[in-house]
Amino acid sequence: MQVRAVNISKRYVGIAALDDVSLTVRPGELVALLGPSGSGKTTLLRTIAGLEHPDSGTVYFNDRDLSDSRIQDRGVGFVFQHYALFKHMRVMDNIAFGLRARSKDKPKESEIKRRVLELLDLVQLSGLERRFPAQLSGGQRQRVALARALAIEPSVLLLDEPFGALDARVRKDLRRWLREIHDRTGHTTLFVTHDQEEALELADRVVVMNKGKIEQSATPDEIYDTPATPFVFSFIGESSVIPVQVGNGRATLDERLLDLDIGNLPDGPAQLYLRPEDVVMVTDGGPGIPGLVVSTRRIGGMRRVTIECGLARHRIEFDAPAEIPINNSQRLTIRVIGGRVYGAGAEGYETEKLAASATSDFKWAKAEGWLDR
Amino acid sequence: MSEAAATRQQRKVRQAIGEGPATRFVLLTIALAFLGLMLVAPLLVVFVEAFGRGLGVYFQALALPDTMAALQLTLLVAAIAVPANLVFGVAAAWLIAKFDFKGKSFLLTLIDLPFAVSPVVSGLIFVLLFGANSTLGPWLEDNNIKILYAVPGIVIATIFITFPFIARELIPLMEQQGSSEEEAAVSLGASGWRTFFQVTLPNVKWGLLYGVLLCNARAMGEFGAVSVVSGHIRGVTNTLPLHIEILYNDNKAAAAFAVASLLAMLALVTLAVKTLLEARFAGEIAAQRRH
């Protein structure tokens, strides 16, 4: 089933939750809606499900216009962040709920039982059919919720932050497991997440949203390697931002030429976005940008170094091999070997003040701030 | 760790979360004394006075036709008022907890009105509304509909007074539970009614039961508002509380206490039923809270 949302707009008390958003999900595709809180991703998902009504715009399943279709008739399997299992029903009754609620073609009770056991087997919870939700762990509950959604043989599977309430380890297991289920059942699937790692690992295609608009829709590789906007760059992975000057088709930092492809940006001020792996330490005395080490911390097999560079002391983070000792206040030379330059006016282009401390923690505070605005 | 050390540590832990034995003793004494004086003693007095002159006098007082009529009327009023408020209360709570609309806080305030207004004033409202001098009065009289000083007036006043109990019990519960289970149900294809009866209602059944019991206790015990609208016609519009007052004013203290004990017993049975149900389904209630 192909899902199409066309020109969807939705406002809450004057704030645009969705601003003329269009999205197509191909049959059998697994798509992630990724964005910070308040970006509109959940509103879009709920609109597709029929739980919200858009102010304007239309949702199509294949060529069927769903404008006047009740949620009961859409045949969507919806999975909620906090499971939303029926607490007073046993696992088997939870899963059978959708089959028993059918007004026509209601299967026989023996057939329902067979389906329930089959689904329990699929979600690897055989033997727990007589438990109540309160007697299950979080991960088990979410698997019951998925089995319940799959029981109605949905045309589309929609998941709203399905792993958001689970601890990190269970989340990783369930992620892999959801991918397997998807590959086996082939449902057109759309899930919402604010966790970029989850989106990149799980999805065929990632749709990055911000402030009610889609910033970029592409494969995980493209999203990471060629972010379309500064927002996507800083939302996906770690990033540092420094202001540069563009002139004559080249980018310069404090009049030092940077070896970067800048496309066809107009002359003037621009910003260079860097991932930790876009910067290397110069150890052979070659040319580079001098800087002063501000702090170091150990991340896995690498050492994450923060240095201040240039006249305006912009902070850049990069990874150095752990075996090289680096101390605070030490002078270093670095070379920029990657990164992207965005001109002023690009979505998410940061003011200088913000750019000076665009660490990953700060990014979150910033994302939350957008919600309040 | 030695046993003495273990005990010392245990004592330390206990002190960290509580007060010393002296403070605990004082607090406990105050609480128990207050309970004894304000709750247990009056209840005991009722039963002591009621049975003071022997079982014979007691049952004689209860068997009087006026008393039996008052008991029947009280049960009838409760039997109408409680189901009515069950429907209104559930509907109001559902509306307020699960939907957003303009005037929601106004409606919430309105639901509290019967609690805020003195019962006597509530009764007077209905006298002004249905009385002979009201706009409705002549029309009611022409059509031979008796509301004031008759059973309908008592029922209406009781419904008004007891309206908040069920709604107030359900609103916080439903708000806390949110709407996602209902959303799950409709996304699975369930109709609105099915969702309500199979998902919403089972989730609030304990709060609902508690609300019904409180509502019932108040419906049987309401005095002020009913007193204004009833007209005190013996054997016809006297409920148990009104009947007790009349007996007491007639210097029939023993009979008054006998009837009072009946009312007190109805209340005690109500509370006992609640406690029993809670004990019987403790596991289920806890499971629902934990989730």
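Residues numbered from 1 in each chain as written. Chains lettered and ligands numbered in written order. Predicted model: local features only at pLDDT ≥ 70, side-chain atom pairs only at ≥ 80, totals over all residues.

## A short note on the overall build of chain B
When its secondary structure is counted, chain B shows 15 helices and zero strands. Here chain B has a C-alpha radius of gyration of 25 Å; the compact-globule value for 291 residues is 19 Å, and the former is much larger. Considering only C-alpha atoms, chain B reaches an extent of 85 × 60 × 30 Å along its principal axes. Counting over 291 residues, chain B shows a buried share of 32%. Put simply, 76% of the contacts in chain B that link residues at least 6 apart link residues at least 24 apart. (Helix = DSSP H or I, 4+ residues; strand = E, 2+ residues; numbered from the N terminus. Rg over C-alpha atoms; globule rule 2.2 N^0.38 Å. Buried ≥ 20, exposed ≤ 12 C-beta atoms within 10 Å, placed from the backbone. Contact = placed C-beta atoms within 7 Å.)

## Here's the deal with the overall build of chain A
Looking only at helices and strands, chain A has ten helices and 20 strands in total. Judged by the C-alpha coordinates and their principal axes, chain A covers about 80 × 45 × 35 Å. Intrachain contacts of chain A at a sequence separation of at least 6 include 68% that bridge at least 24 residues.

## With respect to the pairing of strand β18 (residues 314–321) of chain A
Note: strand β17 (residues 302–309) of chain A against β18 of chain A, eight bridges, orientation antiparallel. For R303 of chain A, the partnering residue across the bridge sits in β18 of chain A and is A320 of chain A. (Pairing = 2+ DSSP bridges.)

## Notes on the domain arrangement of chain B
The domains assigned to chain B are domain 1 (1–46) and domain 2 (52–290). Inter-centroid distance (C-alpha atoms) of domain 1 of chain B to domain 2 of chain B is 37 Å. (Domains from an automatic or database assignment.)

## Some words on helix α2 (residues 21–51) of chain B
At G36 of chain B, α2 of chain B shows its largest kink, close to 40°. Burial analysis of α2 of chain B places just one of its 31 residues in the buried class, a small minority of the element. (Bend = angle between axes of the 7 residues up to and from the residue.)

## Notes on the environment of P220 of chain A
All names here are of chain A. Following the sequence through the fold, P220 ends up in helix α7 (residues 220–225). Looking at P220, the number of C-beta atoms within 10 Å reads 18, which means it is partly exposed. The sequence separation of P220 and R205 amounts to 15 residues, and the corresponding C-alpha distance is 6.2 Å. The contacts of P220, once residues within four sequence positions are left out, are L200, A203 and V206.

## Let's talk about the sheet that holds strand β5 (residues 64–65) of chain A
All names here are of chain A. Overall, antiparallel pairing links the four strands, which are arranged β2-β1-β4-β5 in an open sheet. The open sheet has two edge strands, β2 (15–25) and β5, and neither has a second partner. Pairing of strand β1 (residues 3–12) with β2 involves seven bridges; the strand directions are antiparallel. Bridging across to β2, I8 finds its partner in V21. Helix α1 (residues 41–49) contacts β1, β2 and β4 (56–61) of the sheet and is inclined by roughly 120° relative to β1. (Axes fitted to C-alpha atoms, helices over the stretch in contact; angles between N-to-C directions.)

## Topic: the domain arrangement of chain A
Think of interface size as the accessible area that goes away when the parts come together; that is how it is often given. You can read the domains of chain A as domain 1 (3–225) and domain 2 (238–359). On a C-alpha basis, the centroid separation for the pair domain 1 of chain A and domain 2 of chain A is 40 Å.

## Quick notes on the nonpolar core
Formed by 98 residues in total, the largest nonpolar core has its most connected members in A32, L158 and L190 of chain A. The element contributing the most residues to this core is helix α4 (residues 138–151) of chain A, with seven residues. (Core = buried A, V, L, I, M, F, W, Y, C linked by C-beta atoms within 7 Å.)

## Re the interface of chain B and chain A
Taken together, the contact between chain B and chain A spans 19 residues of the former and 21 residues of the latter. Looking at the side of chain B that touches chain A, the elements with two or more residues in it are α9 (180–187), α10 (192–203) and α15 (282–290) of chain B. Considering each element in turn, the side of chain B that touches chain A owes the most residues, seven residues, to α9 of chain B. Per-class residue counts for the side of chain B that touches chain A are eight nonpolar, seven polar and four charged. (Nonpolar A, V, L, I, M, F, W, Y, C, P; charged D, E, K, R; others polar.)

## Considerations on the pairing of strand β20 (residues 340–343) of chain A
Residues and elements named next belong to chain A. Because side chains alternate across β20, one face comprises the buried residues R340 and Y342, and the other comprises V341 and G343, none of which is buried. When strand β14 (residues 268–274) meets β20, the two strands line up antiparallel, connected through four bridges. Across the sheet, Y273 pairs through a bridge with R340, a residue of β20.

## Description of the sheet that holds β14 of chain A
All names here are of chain A. With antiparallel pairing, the five strands of this open sheet are ordered in space as β13-β12-β11-β14-β20. Looking at which strands have only one partner, the edges of the open sheet turn out to be β13 (256–258) and β20. Adjacent strand axes in the sheet meet at a mean angle of 45°, parallel and antiparallel pairs treated alike. Note: strand β12 (residues 250–253) against β13, three bridges, orientation antiparallel. By the bridge assignment, T252 is partnered in β13 with L257.

## Overview of the confidence of the model for chain B
All names here are of chain B. Mean pLDDT over chain B works out to 87, with 91% of the residues at or above the 70 mark. Taken element by element, the predicted model of chain B shows its lowest mean pLDDT in helix α1 (residues 3–17) (58) and its highest in α9 (94). Both confidence scores are given for the complex: pTM 0.80, ipTM 0.81. (pLDDT = per-residue confidence, 0-100.)

## A look at the environment of F191 of chain A
Summarising the element assignment, F191 of chain A is placed in strand β8 (residues 188–193). On a C-alpha basis, the gap between F191 of chain A and A203 of chain A in space is 8.8 Å, while along the polypeptide they are twelve residues apart.

## Some thoughts on helix α6 (residues 119–130) of chain B
Residues and elements named next belong to chain B. Over its twelve residues, α6 extends 17 Å from the first C-alpha to the last, a length consistent with the 16 Å expected when each residue adds 1.5 Å. Taken together, the buried positions of α6 are S122, G123, F126 and F130. Each buried residue of α6 sits inside an arc of 100° when the element is viewed along its axis, so together they form one side. Close packing links the buried residues of α6 with α5 (104–116), α7 (136–142), α8 (151–177) and α12 (224–230). (Expected span 1.5 Å × (residues − 1). Arc of directions from axis to C-beta.)

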